[in-house]
Amino acid sequence: MTQLRRVVGASLVGTTIEWYDFFIYASAAGLVFGTQFFPALDDTAALLASFATLGVSFVARPIGGVVAGHLGDRYGRKAVLVATLLLMGVSTVGVGLLPPYGSIGVAAPVLLVVLRLLQGLSAGGEWGGAALMSVEHAPPGRRGFFGSFPQIGVPIGLLLANLVFFAVSSFTTAEQFQAWGWRIPFLLSVVLIAVGFFVRARVSESPVFTELRDRRQRRSAPLPELFRTNRRELVVAIGLFIANNMVGYILIAFINSYGTRTLGLPSSSMLLVGMVGAVAWGVFTLLAGRWSDTWGRRRTYLVGTLAMAAWTFPFFLLFDTRSMPLMLLSVVVLAFGLGLTYGPQAATYAELFPASVRYSGVSFAYAFGAILGGGFAPLVGTWLIGVTGTSLSVSGYMLLACLITFAAVLALRERPAPEREAFVLATG
């Protein structure tokens, strides 16, 4: 049990740091990157360009997932997780040190894109390893619960990112924040990476991978085998993540810029809304992991997907009132659906794929689900507002993603509990 707590803690700390780094970029893209790196463009075009750099990382995520999955299935989960954490840290600090367009010209946005691609490579390999370490160490009957801990690293990372941005913006003037204050959250990543490296270096390798290694059942080419034997599972897993990731990025990145630029609200108010949404998302994610052990993965996904779909239009109708209580209500209810479709994900993905290709399967599905879901959601949302003049067009976009995930939930074949537990440990 001591080792299990250490593994779960390491997965939680690692994913929190990874996604803190990822989300401070998303926040900065909505708040400052337009003026820092695209000053020659008008406000709308600069915002679109900033969100485009945000989406670029999602192009790199499948590559990161493929590489990390291959290495994780061949050489182990632990080493890959340490490498992804270091890569994310280096690229994040690099953004914090990057000179603006006014200093180095076009090289500034080019280097910004390169660093964002490195973040995408890291994020593509991070989640699969962290999820598998928790699920493969967990006792039977509790894999959904323990698998939800790396999941809550995402809303905790979002909360931490918003807290740091909120603190920096509170202690600087608007001019200071635009000039240099925005860099502080990126540079603070050095401390977090050191902590995460120390925690992750102390955990043991996954017992499932250790068994594979001892039996010499590791695959020399896990990805081709994955495509040959588990195509249906890949499609279902990708579909399960599309709505969650897209709606999540509406909450993470889009509402910041929408609230400040379109609704005319102060950035501090929008950061507060984001923090409340992050807390609610984390609570519901943890509960959903536990519920999925009792209700079943498919039923938990079904309730969460229907909840998100039903809330897509009320979400923006409440948000557009500019009333803080109603805005907070809108994000809390949205977070309920997000949590129920995120909490069971680690265990569900692990149960879909055999151990010999599991890291490749979960990383590939997660990365492609992110591309089709949230990768360009803030960009598309901003474009829809510009074309239609109404936030309800974004609601329709969210609803479409929910319908795709709903089809994937219906296609998900859930095994009875005893068979499910045996399948998770299967080394075939």
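A word on the overall build of the protein chain
Argument step 1. On a plain count of helices and strands, the protein chain comes out with 21 helices and zero strands.
Argument step 2. The burial tally for the protein chain puts 59% of its 428 residues in the buried class.
Argument step 3. Pairs at least 24 residues apart make up 86% of the contacts formed inside the protein chain by residues separated by at least 6 positions.

Quick word on the packing of aromatic side chains
Centre-to-centre distance and the angle between the planes together describe a pair of aromatic rings.
Argument step 1. For the structure shown, the criterion picks out 23 aromatic pairs.
Argument step 2. Ring centres of Y25 and F33 lie 5.0 Å apart, and the angle between their planes is 70 degrees; this geometry places the pair in the edge-to-face category.
Argument step 3. When the ring of F145 is compared with that of F146, the centres are 5.3 Å apart and the planes differ by 65 degrees; the resulting orientation is edge-to-face.
Argument step 4. The cationic tip of R116 hangs over the ring face of Y25; the distance from NZ or CZ to the ring centre is 4.2 Å.
Argument step 5. Note that R290 overlies the ring of F145, its terminal NZ or CZ placed 4.3 Å from the centroid.

Section: the packing of helix α13 (residues 231-262) against helix α19 (residues 377-388)
Argument step 1. At a closest axis distance of 8 Å, the pairing of α13 and α19 adopts a crossing angle of 55 degrees. Overall, the two elements α13 and α19 adopt an arrangement that is oblique. Regarding α13 and α19, the two cross each other, and that crossing is right-handed. On α19, the residues touching M246, Y249, I250, A253, F254 and Y258 of α13 are A377, P378, G381, T382 and I385.
Argument step 2. Here the contact of α13 with α19 is built from residues that sort into nine nonpolar, two polar and no charged.

A closer look at unusual backbone geometry
Argument step 1. Phi angles above zero are rare outside glycine, and R322 is one such case at about 65 degrees.
Argument step 2. Inspection of the secondary structure puts R322 in the loop between α15 (297-319) and α16 (324-342).
Argument step 3. Relative accessible area serves as the criterion here: at 44%, R322 is assigned to the partly exposed category.

Remarks on the pattern of salt bridges
Argument step 1. Summed over all chains, the structure comprises two salt bridges.
Argument step 2. Between R297 and D293 there is a salt bridge, and its shortest N-O distance comes to 2.9 Å.
Argument step 3. Taking the shortest distance from any N to any O, the salt bridge between E351 and R297 comes out at 2.7 Å. Separated by 54 residues along the polypeptide, E351 in helix α17 (residues 345-352) and R297 in helix α15 bring together distant segments of the chain. In terms of burial, E351 and R297 fall into one category: buried.
Argument step 4. In this structure, a network of salt bridges that share partners links the residues D293, R297 and E351.

Analysis parameters
- Residues numbered from 1 in each chain as written.
- Predicted model: local features only at pLDDT ≥ 70, side-chain atom pairs only at ≥ 80, totals over all residues.
- Heavy atoms only, no water.
- Helix = DSSP H or I, 4+ residues; strand = E, 2+ residues; numbered from the N terminus.
- Buried < 20%, exposed > 50% of the residue type's maximum accessible area, 1.4 Å probe, protein only.
- Contact = heavy atoms within 4.5 Å.
- Phe/Tyr/Trp six-rings, centres within 6.5 Å; stacked < 30°, edge-to-face > 60°.
- Lys NZ or Arg CZ within 6 Å of the ring centre and 35° of its normal.
- Axes fitted to C-alpha atoms, helices over the stretch in contact; angles between N-to-C directions.
- Parallel < 35°, antiparallel > 145°, perpendicular 65-115°, else oblique.
- Left-handed = near helix turned anticlockwise from the far one by under 90°.
- Nonpolar A, V, L, I, M, F, W, Y, C, P; charged D, E, K, R; others polar.
- Salt bridge = Lys/Arg side-chain N within 4 Å of Asp/Glu carboxyl O.

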